[in-house]
Amino acid sequence: SIKDLQAIEVLDSRGNPTVRVFATLENGVRVSASVPSGASTGEYEAVELRDGDPTRYGGKGVLKACANVMEVIAPALRGMDAREQLAIDRTMIELDGTENKARLGANAILGVSMAVAKAAAVSEGEELYRYLGGSEARRLPVPCMNILNGGEHADNSVDFQEFMAVPHGAPSFSEGLRYVAETFHTLKKILEAKGYSTAVGDEGGFAPNLGSNEEAIELIVEAIEKSGYKPGIDISIAIDSAATSFSTDKKGHYNLKWSGAGEMTSDDLIALAKEWVAKYPIILWEDPLAEEDWEGFAKFTKELGDKIEVVGDDIFVTNTKFIRRGIEEHTANASLIKLNQIGSVTETVDAVRLCIEHGWRAFLSHRSGETCDSFLADFAVAMGTGHLKSGSASRSERLAKYNRLLEIEAQLGPDALYYWK
Ligand code: PGA
Ligand code: ZN
């Protein structure tokens, strides 16, 4: 049972404070878990509690969230069985008492929720993916590697936030990871040859100042081919527009400000996507429209949903309330899944299950601000939903997840499964 919970402020991959929780059980097990943090966040995400004290980290300190773990959450959970994930998460949600975890902070609650899961797995002598997913947990996710960054994750001239290489044609996770890591290295050479910058963005992908958004796709196709792979067969492309970040009213008007492409409507963006999907090996498109553009999203899905995976991130924020509406209104055919958008392990599992029950896909994701905690890798195998994004083949907080998946694959040996759909 839970003996103690401690929390300290550590720094994430952008140098901003985040919460690390240490869970100690009566049997002597002691583990830690660290919470990630987004930049292009959805409006209805669970609240990340920040101190707001301008004299510390520009107001971004998380000492209050840490204090909430030790002074409010720990006394309430002390003595509970760490395996009682549902009861533990429910107790914290009730203690918080708000709709969006604004009182205790989703960073405090999620830190405890993840640490308790890890502690229970260690106590049971089980790997985390096996503890959370059972003996059926043996499907490795296709690593959607974000090799070119734009939008709010970089200071360049690309409006769309993420361009990912998706090795769905590889025979295994490790081979898939090799395909896209090689593509990443080839892309660097191509950018160098063209005189572009090879500096990287928040998620470790290159962030060059390109002539247009479309050039990003052309360069990636070239990198796939020059690496010896077949675009569309071995490796396809996924895009996260993160369109909320260049929406002017969130309801159908956009300004592609970074590239200078200028103002566009939902219909313009849909027409552009149709053109690209016909021309390039695109397999998945996330947040093609903004979080409150439900109508545009449904139109996009009507036009392209039978050809590609259409993923909602900011619009659903891993919240079953919004995913349920999305299922009813045919808004998309998949949801992004981020633990800290909703703020507990139990609620994240609920969101994944809701997707699966309705024939939607669940796309597991890191955040742009990360730590080397690899919880997400185990969680992806436990959920078995077939794909995840964890940034590029650069920056150790990104590689920590991919490397943990290599470990899990090696442990599973011939039992490991790998397929796109
Ligand atoms: P974020 O970006 O972590 O900055 O929100 C990730 C995403 O939009 O998918
Ligand atoms: Zn996104």
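Residues numbered from 1 in each chain as written. Chains lettered and ligands numbered in written order. Predicted model: local features only at pLDDT ≥ 70, side-chain atom pairs only at ≥ 80, totals over all residues. Heavy atoms only, no water.

1. A closer look at the pattern of salt bridges
The tally for this structure, following the rule as stated, stands at 34 salt bridges. The salt bridge partner of Glu-45 is Arg-367, with a shortest N-O separation of 3.1 Å. Taken as a pair, Glu-45 in the loop between β3 (30-34) and α1 (63-77) and Arg-367 in the loop between β12 (361-365) and α12 (375-383) lie far apart in primary sequence, 322 residues in all. Accessibility expressed as a relative area gives 10% for Glu-45, which makes it buried. A salt bridge links Asp-51 to Arg-56; the nearest nitrogen and oxygen atoms lie 3.8 Å apart. (Salt bridge = Lys/Arg side-chain N within 4 Å of Asp/Glu carboxyl O. Helix = DSSP H or I, 4+ residues; strand = E, 2+ residues; numbered from the N terminus. Buried < 20%, exposed > 50% of the residue type's maximum accessible area, 1.4 Å probe, protein only.)

2. Quick word on the site of ligand 1
Lining the immediate surroundings of ligand 1 are 15 residues, of which Ala-39, His-153, Arg-367, Ser-368 and Lys-389 lie closest. Ser-368 places a side-chain nitrogen or oxygen 2.6 Å from an oxygen atom of ligand 1. Relative to its unbound accessible surface of 280 Å², ligand 1 loses 100% to contact with the protein. The cavity that encloses ligand 1 is the second largest cavity. (Near = heavy atom within 4 Å. Polar contact = N/O pair within 3.5 Å; in protein donor to acceptor, adjacent residues only side chain to side chain. Areas by Shrake-Rupley, 256 points an atom, 1.4 Å probe, with all protein chains shown as cover. 1 Å grid on protein atoms, 1.4 Å probe; cavity = no way out; pocket = protein on both sides within 12 Å on 5 of 7 lines; lining within 4 Å. Sits in = over half its atoms within 2 Å of the grid points.)

3. Remarks on the UniProt feature "domain: Enolase C-terminal TIM barrel" (unreviewed entry) in the protein
Cross-referencing UniProt, the feature "domain: Enolase C-terminal TIM barrel" (unreviewed entry) maps to residues 137-421 in the present numbering. A helix fraction of 40% and a strand fraction of 16% characterise residues 137-421, whose end C-alpha atoms lie 16 Å from each other. (UniProt positions renumbered as here; feature names shortened; annotations may be inferred.)

4. Quick notes on the confidence of the model for the protein
On average, residues of the protein score 98 in pLDDT, and 100% of them reach the 70 mark or higher. Interface confidence for the predicted complex, expressed as ipTM, amounts to 0.98; the pTM equals 0.98. (pLDDT = per-residue confidence, 0-100.)

5. Considerations on empty space enclosed by the protein
According to the stated counting rule, one finds three cavities of 30 Å³ or more in the structure shown. Of the pockets and cavities examined, the largest cavity occupies roughly 140 Å³. Lining of the largest cavity is provided by 15 residues; of these, Pro-36, Met-114, Leu-339, Glu-370 and Leu-376 occupy positions nearest its centre. Those elements that provide at least two residues to the lining of the largest cavity are α3 (106-123), α10 (339-342) and α12. Residue composition of the lining of the largest cavity, by class: six nonpolar, four polar and five charged. In this structure, the second largest cavity spans a volume of roughly 70 Å³. In terms of lining residues, the second largest cavity is bounded by 16 residues, among which His-153, Gln-161, Glu-162, Glu-203 and Lys-338 are the most central. (Points joined across faces, edges and corners; volume = space filled by probe spheres on them. Nonpolar A, V, L, I, M, F, W, Y, C, P; charged D, E, K, R; others polar.)

6. A few points about unusual backbone geometry
Here the phi dihedral of Ala-242 falls at roughly 50 degrees; this positive angle occurs in a residue that is not glycine. The phi angle at Val-317 is positive, at roughly 40 degrees, despite the residue not being glycine. Within the secondary structure, Val-317 is located in the loop between β10 (309-312) and α9 (320-329). According to the relative accessible area criterion, Val-317 is buried, its value standing at 1%.

7. Observations concerning the sheet that holds strand β1 (residues 2-11)
An order of β1-β2-β3 is seen for the three strands of this open sheet, with the pairing classed as antiparallel. Either end of the sheet is taken by a strand with one partner, and the two such strands are β1 and β3. Between one strand axis and the next, the sheet turns by 20 degrees as a mean value, whatever way the strands run. With five bridges joining them, strand β2 (residues 17-25) and β3 adopt antiparallel strand pairing. Pairing of Val-21 across the sheet is with Ala-33, part of β3. (Pairing = 2+ DSSP bridges. Axes fitted to C-alpha atoms, helices over the stretch in contact; angles between N-to-C directions.)

8. Points about helix α11 (residues 345-357)
The end-to-end C-alpha separation of α11 is 18 Å, in line with the 18 Å expected for 13 residues at 1.5 Å each. For α11, every residue scored as buried is listed here: Val-345, Thr-346, Glu-347, Thr-348, Val-349, Ala-351, Val-352, Leu-354 and Cys-355. Phi for Gly-359, located one or two positions after α11, is positive at around 75 degrees. (Expected span 1.5 Å × (residues − 1).)

9. Observations concerning the packing of aromatic side chains
For the coordinates displayed, the defined rule picks out 13 aromatic pairs. Look at Phe-160 and Phe-246: their rings are 5.8 Å apart centre to centre, the planes differ by 35 degrees, and that puts the pair in the tilted class. Of this pair, Phe-160 sits in the loop between β4 (142-149) and β5 (162-166) while Phe-246 sits in the loop between β6 (236-240) and β7 (253-256), placing them 86 residues apart in sequence. There is no split in this pair, since Phe-160 and Phe-246 are both buried. Taking 5.5 Å as the distance between ring centres and 50 degrees as the angle between the ring planes, the aromatic pair formed by Phe-316 and Trp-360 counts as tilted. Placement of Phe-316 in the loop between β10 and α9 and of Trp-360 in the loop between α11 and β12 is noted, with a sequence separation of 44 residues between them. Note on Phe-316: relative accessible area 0%, which makes it buried. (Phe/Tyr/Trp six-rings, centres within 6.5 Å; stacked < 30°, edge-to-face > 60°.)

10. Section: the coordination of the zinc ion (ligand 2)
Here the zinc ion (ligand 2) is held by the protein donor atoms Asp-240 (OD), Glu-286 (OE) and Asp-313 (OD), which lie 2.0 to 2.2 Å from it. Each donor residue of the zinc ion (ligand 2) belongs to the same chain, and together they define the spacing D-x45-E-x26-D. Of this pair, Asp-240 sits in strand β6 while Asp-313 sits in the loop between β10 and α9, and the two are 73 residues apart along the sequence. Overall, the relative accessible area of 1% leaves Asp-240 in the buried class. (Donors = N, O, S within 2.8 Å, 3.2 Å for Na, K, Ca; no water.)

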